[in-house]
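An overview of the molecular structure
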Amino acid sequence: MSSCIECTVGKYTETPGATICQRCYPGRVAESTNTSACSECGPGWYSDTAARSICQSCEAGKFASRTGSTACLRCPAGNYSDQQGSSSCTPCPAGKLSRTGRVLCTNCSQGHHAPAEGSDMCALCPAGTLQSSPGSASCTDCNPGSFSPHLAATTCLHCPAGTFTSHPKQTFCLPCPNGTFAPSSNSTHCRICPSGFSSQGQQSSCASCAPGSHSAANASATCLRCSPGKYSPTWRSTSCTACPKGRASPGVGVSTCQHCAAGKFAAETGASSCADCPLLRWSWHGAHNCSGWCNDTALIHNRNPYWSEQFFHYWNRACRTMVPVSTDPTGSWGPA
């Protein structure tokens, strides 16, 4: 009578009197001889062919969650496995991502973020935000005074002078309105132009009102020209001054008032023009009233030596519209 032969490793027989040994199916192994049953590979291990004596561990980046596995699965995107023999994969933490079958997770790059675990891609930071650090779970809002017009920004831009933002997370800066200004970049508000100045908007400074103009109120968009009868002699005027008596300004936007010519006068302040003296009356240059009578023939025609040349000139000019109406030396004068 012949003896029985032991089944070799990787094989088994469960029936007494068997004439052959069966090979262990894939996913099962027989580690020793004379085995009556095969053992299933545990989680994290596999056997991909029949008649195996040992199970193989899943390599890093793969896993086997069940017993009796014939192959290991690659870790899905957003997960990783950094050790051999893994029965499961670990989700990537927030701020990181992974593709399929990865051993490690990768940081999100600057300007990107991954807000949740298990991400297989990083999202772009929206406009109005930034992210300057890799591996971030969130984006940071731009501060007031700055902005970010594009996606995936790594820094926020300062609002240029003349513009501002008063709220965070802005994608553009607002121009300063008329009558205001922002002198520097990164402004969160605009300043009001004081009286005597003006601004047309989006300015870094206020413009001084030039002579002949003024701005009486704060936050003026323009400087107003002085109206006829008024003037402003200096820069940054807050009001126009009425022309004094004996002077007038016929136009707008003047910085000085004109003296009334000889033969004319301005009796009140704020005159826009000088009036002619009444008939047979005369006035000096810059007069606010008329005085004297044009009836001294000797003075005008003979140039009395006791009167100066200048006195004669102005009097003669003042009475230039008068002519003798009598040949008598003491005769009267009248209109030409």
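These notes cover the structure that comes with them. Everything numeric in this text was worked out from a predicted model, so none of it was measured. (Residues numbered from 1 in each chain as written. Predicted model: local features only at pLDDT ≥ 70, side-chain atom pairs only at ≥ 80, totals over all residues. Heavy atoms only, no water.)

Observations concerning the overall build of the protein chain
The helix and strand inventory of the protein chain stands at 2 helices and 36 strands. When each of the 336 residues of the protein chain is scored for burial, the buried share is 34%. Once local pairs closer than 6 in sequence are excluded, the contacts in the protein chain between residues at least 24 apart make up 37%. Entry remark: accessible area of the protein chain is about 19,200 Å², with carbon and sulfur atoms responsible for 51%. (Helix = DSSP H or I, 4+ residues; strand = E, 2+ residues; numbered from the N terminus. Buried < 20%, exposed > 50% of the residue type's maximum accessible area, 1.4 Å probe, protein only. Contact = heavy atoms within 4.5 Å. Areas by Shrake-Rupley, 256 points an atom, 1.4 Å probe, with all protein chains shown as cover.)

Brief notes about the pattern of salt bridges
What the rule picks out here adds up to 3 salt bridges. We note a salt bridge from E40 to R28, for which the minimum N-O separation is 3.4 Å. Of the two residues, E40 is situated in strand β4 (residues 39-40) and R28 in strand β3 (residues 28-29); the sequence distance between them amounts to 12 residues. For E40, a relative accessible area of 41% gives the class partly exposed. (Salt bridge = Lys/Arg side-chain N within 4 Å of Asp/Glu carboxyl O.)

Examining the side chain of S283
Locating S283 in the fold gives a position in the loop between β33 (281-282) and β34 (291-293). Under the relative-accessibility criterion, S283 is labelled buried at 1%.

Thoughts on the state of the cysteines
A complete count under the given rule lists 17 disulfides for this structure. A disulfide bridge connects C75 with C89, and the sulfur atoms are separated by 1.9 Å. Residues C75 and C89 are joined by a disulfide whose S-S torsion is about -80°; by sign, that bridge is left-handed. On the criterion of sequence distance, the pair formed by C75 in the loop between β8 (73-74) and β9 (79-80) and C89 in the loop between β9 and β10 (90-91) is long-range, its members being 14 residues apart. For the pair formed by C75 and C89, the shared burial category is buried. (Disulfide = S-S within 2.5 Å.)

Side note on the environment of S227
Within the secondary structure, S227 sits in the loop between β26 (224-225) and β27 (230-231). Since its relative accessible area comes to 35%, S227 is described here as partly exposed. Along the chain, S227 and P250 lie 23 residues apart, while their C-alpha atoms are 8.8 Å from each other. Filtering out sequence-adjacent residues up to four positions away, S227 remains in contact with S249, G251 and V252.

Section: the environment of K62
For K62, the location among the structural elements is in strand β7 (residues 62-63). Put simply, K62 and R102 are 40 residues apart on the chain and 8.0 Å apart in space, counted from C-alpha to C-alpha. With residues near it in sequence (within four places) discarded, K62 still touches C72, L73, R74, C75, S81 and S86.

Section: unusual backbone geometry
For N34, which is not a glycine, the phi torsion comes out positive at approximately 60°. Here N34 shows up in the loop between β3 and β4. Assessed through its relative accessible area of 56%, N34 is described here as exposed. Within the chain, A219 stands out as a residue other than glycine whose phi angle is a positive 60°. The class for A219 is partly exposed, based on a relative accessible area of 36%.

A look at the side chain of S213
Among the secondary structure elements, S213 is positioned in strand β25 (residues 213-214). Of note is the side chain of S213, whose polar atom sits 2.6 Å from the backbone oxygen of A210. Sequence-distant contacts of S213, defined by excluding residues within four places in its chain, comprise C223, L224, R225, C226, S232 and S237. (Polar contact = N/O pair within 3.5 Å; in protein donor to acceptor, adjacent residues only side chain to side chain.)

Concerning the environment of K230
Checked against the element boundaries, K230 lands in strand β27. What makes K230 partly exposed here is its relative accessible area of 36%. The sequence separation of K230 and G212 amounts to 18 residues, and the corresponding C-alpha distance is 8.6 Å. Among residues more than four places away in sequence, those in contact with K230 are C240, T241, A242, C243, S249 and V254.

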